[in-house]
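# Descriptive analysis of the structure
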Amino acid sequence: MLDYAAARAVALIVQAGSFEGAAHRLGVTPSAISQRVRHLEERLGTVLIQRGTPCLATAQGDWLCRHMEKLGMLEAELMQHLPALADGTSLPVSVHIAVNADSLGAWFLQAMAAFGQQNNTLLDIALDDQDHTSDWLRRGQVSAAVTADARAVQGCHIQFLGKMRYRATASPAYVARYFADGITPEALMRAPALRFNRKDMLQQQWAKQVFDAAPQLPTHWLPAVQGFVDAARLGIGWGMNPEVLIADDLASGRLVELVPQTPLDVPLYWQVSRLAMDGLAGLTRQIRAAAAEALI
């Protein structure tokens, strides 16, 4: 049998980032926590915690943490139906979710806020490109993900949320500076683009869609959603910005489309581990509601 007290200690160390933080949450001494973890590691024959600042889970420890996460959701659901089991000492469940940065900045926080008002479950958000968030599910590192992958990950339930509409936009001064002779693949090869990170391929996808070409783009790397929009307003570069975030900028003329009426639509899906579906049913409802307002 698994030593669940020790397994819980491992999960709390990873959440808190230290043995001291986990000890405080459990109301025991750090040495007691250390002893529990050491005994469990010896029994399993593997290291579960990478000691440091902060403490991190090893690959094996991460699997154990995800198991405790699912167990916590099952226990929370059980206590809803059998409240006499609750002794007032249970800690909030922490659930890992993978989300793309644009969704987080455009609409996911609204769903998170609504869910938080009805539930004391904690969300641990991992950010990645929408084309890669499903990989977190495949690796067992999260219980759910917002993803552009239309293929259901094994063991997961998938729901279509809608399409995030992007517009290739820049400031009027930037367009006048770099595209005085029009928007062409050749001009794009001289005009600095804004990209979130190395996984962000939206600019190339838009150029392929509009020009049937894949020009090499000089790039400013800017991994911040709001900073991305601000950089476009300031004329630092052109970028693919979510329409929902720049509607006022387009209406006021602070930003303009490089090529009018050439949106790039990215379908988004909500994938949830079947083991976590019941525990995350409330979050799923809020995500569907928020996505319905922001996506097309």
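Coordinates for the structure precede this section.
Numbers given to residues run from 1 along each chain, matching the order in which its sequence is written. The model is predicted, so local features are restricted to residues of pLDDT at least 70 and side-chain atom pairs to those at 80 or more, both for listing and for counting; the totals for chains, interfaces and linings are taken over all residues. Neither water nor hydrogens contribute to the side-chain values; these are computed over all heavy atoms in the structure.

## Thoughts on helix α9 (residues 202-211)
- Within the sequence span of α9, burial applies to Leu202, Gln203, Gln204, Trp206 and Ala207.
- For the purposes of this entry, the term helix denotes a DSSP run of H or I that reaches at least four residues, the term strand denotes a run of E that reaches at least two, and both are numbered from the N terminus. At the C-terminal side of α9, Asp212 shows a positive phi close to 55°. A simple rule labels every residue: compare its accessible area, found with a 1.4 Å probe on the protein chains alone, to the largest value its type can have, and call it buried under 20%, exposed over 50%, or partly exposed in between.

## Observations concerning the pairing of strand β4 (residues 122-127)
- A pair of strands is considered paired only if DSSP assigns at least 2 bridges between the two. Sheet topology places strand β3 (residues 94-99) next to β4; 6 bridges connect them, and they run parallel. Directly across from Ile97, in β4, lies its bridge partner Ile125.
- With its strands directed away from the observer, a crossover is right-handed exactly when the path from the first strand over the helix to the second travels clockwise. In this view, the connection linking β3 to its parallel neighbour β4 by way of helix α5 (residues 101-118) has right-handed handedness.

## Here's the deal with the nonpolar core
- Judged by nonpolar contacts, the single largest core of 47 residues is most densely connected at Ile97, Trp107, Trp238 and Trp270.
- Looking at this core, the elements that each hand over two or more residues are β3, α5, β5 (144-147), β6 (156-170), α8 (185-188), α9, β11 (264-273) and α12 (281-294).
- Here this core gets 6 residues from one element, more than from any other, and that element is α5.
- In this structure, Ala9, Ile13, Leu64 and Cys65 belong to the second largest nonpolar core, which totals 19 residues. By convention a nonpolar core is built from buried Ala, Val, Leu, Ile, Met, Phe, Trp, Tyr and Cys residues, the set being connected through side-chain atoms within 4.5 Å.

## With respect to the packing of aromatic side chains
- Aromatic rings from Phe, Tyr and Trp, taking only the six-membered ring of Trp, are treated as a pair when their centres fall within 6.5 Å; an angle between ring planes under 30 degrees marks them as stacked, one over 60 as edge-to-face, and anything in between as tilted. In this structure the tally under the stated criterion is 6 aromatic pairs.
- Measuring from centroid to centroid gives 5.4 Å for Phe160 and Tyr269, while their planes differ by 55°, and the two rings are tilted. Pair noted here: Phe160 is in strand β6 and Tyr269 is in strand β11, with a separation of 109 residues, a long-range link.
- Judged by relative accessible area, which is 15%, Tyr269 ranks as buried.
- For the ring pair Tyr174 and Phe179, a centre distance of 6.1 Å and an interplane angle of 65° mean the geometry is edge-to-face. This pair shows no difference in class: Tyr174 is buried, exactly as Phe179 is.
- Chaining the aromatic ring pairs together yields one cluster made of Tyr174, Tyr178 and Phe179.
- Across the ring face of Trp136, the terminal group of Arg139 is positioned such that the distance to the ring centre comes to 5.4 Å. By definition here, charges over rings are those cases where NZ of Lys or CZ of Arg is within 6 Å of the ring centre and within 35 degrees of the ring normal.

## A few points about the pattern of salt bridges
- What makes a salt bridge here is a side-chain nitrogen of Lys or Arg within 4 Å of a carboxyl oxygen of Asp or Glu, nothing more. Under the definition given, this model contains 14 salt bridges.
- Across the salt bridge formed by Asp62 and Arg66, the nearest N and O atoms sit 2.7 Å from each other. Residue Asp62 and its partner Arg66 are located together in helix α4 (residues 59-81), separated by 4 residues, close to a single helical turn.
- Owing to a relative accessible area of 4%, Arg66 belongs among the buried residues under this scheme.
- One salt bridge connects Lys208 with Asp212, and the closest N-O pair in it is separated by 3.1 Å.
- Judged by relative accessible area, Lys208 falls into the partly exposed class, the value being 46%.

## Thoughts on unusual backbone geometry
- Of note, the amide linkage connecting Thr53 to Pro54 takes the cis form, showing an omega dihedral of 5°.
- In this structure, Asp212 takes a positive phi of about 55° despite not being glycine.
- Relative to the elements of secondary structure, Asp212 occurs in the loop between α9 and β8 (219-221).
- Phi is positive for Gln261, which is not a glycine, with a value near 60°.
- Within the element layout of this structure, Gln261 appears in the loop between β10 (256-257) and β11.
- Take Gln261: its relative accessible area is 64%, and that puts it in the exposed class.

Shape is all these values report; function is a separate question.
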